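Structural overview for review
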Amino acid sequence: AQSVTQLDSQVPVFEEAPVELRCNYSSSVSVYLFWYVQYPNQGLQLLLKYLSGSTLVKGINGFEAEFNKSQTSFHLRKPSVHISDTAEYFCAVSDDDKIIFGKGTRLHILP
Amino acid sequence: NAGVTQTPKFRILKIGQSMTLQCTQDMNHNYMYWYRQDPGMGLKLIYYSVGAGITDKGEVPNGYNVSRSTTEDFPLRLELAAPSQTSVYFCASSRGGRYYGYTFGSGTRLTVV
């Protein structure tokens, strides 16, 4: 079965600074990866997904992620964060007909 | 479009009581899912369905039941509520399981006392 590991449970970062949220996936022949965001007291929203092709995937709200097959990683990045990016971020991987989620990384934006 | 609608938003149950969490989607998605979210644990799959009349167990199905009589509806039933079922429950739907992302409902916060 597929799995993902989010390496940080919480990440504090100053406003307007860059951020990277780390995710590693279990190795597989083919893998489909996702990042979701959950704002306080809301459901999850899809940020971006990697199915195939270019290893750099751009998503909504200025986020992007890079698929690295040799390191089995799919890290999420943003060059300059805003207070509105305060949320929990989930890395996820397809496993047959369902998606398996990581435990989440809480992004704290410091003023 | 309403997307995925979950009701109720909040509920307090006593131990041993039963209830049904409702989930409806208006996107004609074949795939539907129930997850529970506990602090620091991410989302755990309870049950899922790839079409009307078809359901399958996920990672944590014990204590829950589901049915899928229509494409639109995927209710989750708790028969004998236990404190361990205190959680936030999310329903989601998808055009297909592997390649497509999910559309999530806004969740049901359930407390069992």
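Our structure is the block above this text.
The text that follows walks through the structure, step by step, so that each part is easy to find. Keep in mind that this is a model prediction, so the values were computed, not measured.

1. A closer look at the overall build of chain A
From N to C terminus, chain A includes zero helices and twelve strands. Overall, chain A shows an N-to-C arrangement of helices and strands of β-β-β-β-β-β-β-β-β-β-β-β. For 111 residues, the compact-globule estimate of 2.2 N^0.38 gives 13 Å, and chain A sits close to it at 13 Å. Projected onto its principal axes, the C-alpha coordinates of chain A cover approximately 45 × 30 × 20 Å. Burial statistics for chain A: of 111 residues in total, 47% are counted as buried. A fraction of 56% describes how many contacts in chain A between residues 6 or more apart in sequence connect residues 24 or more apart.

2. Things to note about the overall build of chain B
The helix and strand inventory of chain B stands at zero helices and eleven strands. A globule of 113 residues ought to have a C-alpha radius of gyration of about 13 Å, and chain B, at 13 Å, matches this closely. Principal-axis analysis of the C-alpha atoms gives chain B an extent of 40 × 30 × 25 Å. A total of 113 residues make up chain B; the buried ones form 48% of that total.

3. Regarding the packing of aromatic side chains
For the structure on display, the rule yields 18 aromatic pairs over all chains. An aromatic cluster of at least three residues, connected via ring pairs, comprises F34(A), Y36(A), F101(A), Y33(B), Y35(B), Y48(B), F90(B), Y102(B) and F104(B). Directly above the aromatic system of F74(B) lies the positively charged group of R68(B), at a separation of 5.9 Å from the ring centroid.

4. Focus on the pattern of salt bridges
Residue and element names in this part refer to chain A. Applying the stated rule across the entire model yields nine salt bridges over all chains. When the shortest N-O distance is used, the salt bridge between K78 and D85 registers 2.9 Å. Of the residues examined, K78 reaches a relative accessible area of 11% and is grouped as buried. If you follow the salt bridges from partner to partner, you end up with E20, E66 and R77 in one network.

5. Here we look at the pairing of strand β9 (residues 73–78) of chain A
Residue and element names in this part refer to chain A. Counting buried positions along β9 gives five out of six residues, so the element sits mostly inside the fold. Both strand β8 (residues 64–68) and β9 contribute to a ladder of five bridges, which runs antiparallel. Bridging across to β9, E64 finds its partner in R77. In this antiparallel pair of consecutive strands, β8 and β9, the connection spans four residues, and T72 shows a positive phi of 45 degrees.

6. Examining the interface of chain A and chain B
Each partner contributes residues to the interface: chain A has 21 residues there, and chain B has 22 residues. Summing both partners gives a buried area of about 1800 Å² for chain A against chain B, and 54% of it is carried by carbon and sulfur. Where chain A packs against chain B, one counts zero salt bridges. Our enumeration of links across chain A and chain B arrives at five residue pairs in polar contact (both at pLDDT 80 or more). The set of elements that each furnish at least two residues to the side of chain A that touches chain B consists of β5 (33–38), β6 (44–50), β10 (87–95) and β11 (98–101) of chain A.

7. Points about the side chain of S73(A)
On the secondary structure map, S73(A) appears in strand β9. When sequence neighbours within four positions are dropped, the list of residues in contact with S73(A) reads C23(A), N24(A), Y25(A), E66(A), F67(A) and N68(A).

8. Brief notes about the sheet that holds strand β3 (residues 19–25) of chain B
Residues and elements named next belong to chain B. Read from one edge to the other, the open sheet built from four strands follows the order β1-β3-β8-β7, with strand pairing classed as antiparallel. Since the sheet does not close on itself, it has two edges, and those belong to β1 (4–7) and β7 (64–66), each with one partner. In this sheet, neighbouring strand axes are inclined to one another by 20 degrees on average, regardless of whether the strands run parallel or antiparallel. Pairing of β3 with strand β8 (residues 76–78), which is carried by three bridges, proceeds in the antiparallel orientation. Directly across from T20, in β8, lies its bridge partner R77.

9. What to know about the nonpolar core
In a soluble, globular protein the nonpolar side chains are often hidden away together inside. Counting 28 residues, the largest nonpolar core has W35(A), L76(A) and Y89(A) as its most contacted members. With four residues, β10(A) is the largest single contributor of residues to this core.

What counts, and at which threshold
- Per chain, residues are indexed from 1 in the order of the written sequence.
- Lettering of chains starts at A and numbering of ligands starts at 1, both following the order in which they are written.
- Only residues with pLDDT of at least 70 are given local features in this predicted model, and only at 80 or more are side-chain atom pairs given and counted; all residues enter the totals for whole chains, interfaces and linings.
- Neither water nor hydrogens contribute to the side-chain values; these are computed over all heavy atoms in the structure.
- Only DSSP runs of H or I reaching four residues or more are called helices, and only runs of E reaching two or more are called strands; each is numbered from the N terminus.
- The globule rule is 2.2 Å times the number of residues to the power 0.38, and the radius of gyration it is compared with is taken over C-alpha atoms.
- Three labels apply to residues, based on accessible area from a 1.4 Å probe with only protein chains included: buried if under 20% of the type maximum, exposed if over 50%, partly exposed otherwise in between.
- Residues are treated as being in contact if the distance between any of their heavy atoms lies within 4.5 Å.
- Two rings belonging to Phe, Tyr or Trp (six-membered ring only in the last case) form a pair when the distance between their centres is within 6.5 Å. Interplanar angles under 30 degrees mark stacking, angles over 60 mark edge-to-face geometry, and anything in between is tilted.
- Ring-over charges, as used throughout, are those where CZ of Arg or NZ of Lys falls within 6 Å of the ring centre and within 35 degrees of the ring normal.
- For this document, the term salt bridge refers to a Lys or Arg side-chain nitrogen within 4 Å of an Asp or Glu carboxyl oxygen.
- Note on pairing: two strands pair once DSSP finds at least 2 bridges between them.
- The term buried area refers to how much accessible surface (probe radius 1.4 Å) is lost by two components on association, counted for both of them together.
- Polar contacts here mean pairs of N or O atoms no more than 3.5 Å apart (in protein, one a potential hydrogen donor and the other a potential acceptor; neighbouring residues in sequence count only if both atoms are side-chain atoms).
- Angles run from 0 to 180 degrees between N-to-C directions of axes, and those axes are lines fitted to C-alpha atoms, restricted for helices to the stretch in contact.
- Definition used in this section: a nonpolar core is a set of buried Ala, Val, Leu, Ile, Met, Phe, Trp, Tyr and Cys residues joined via side-chain atoms within 4.5 Å.

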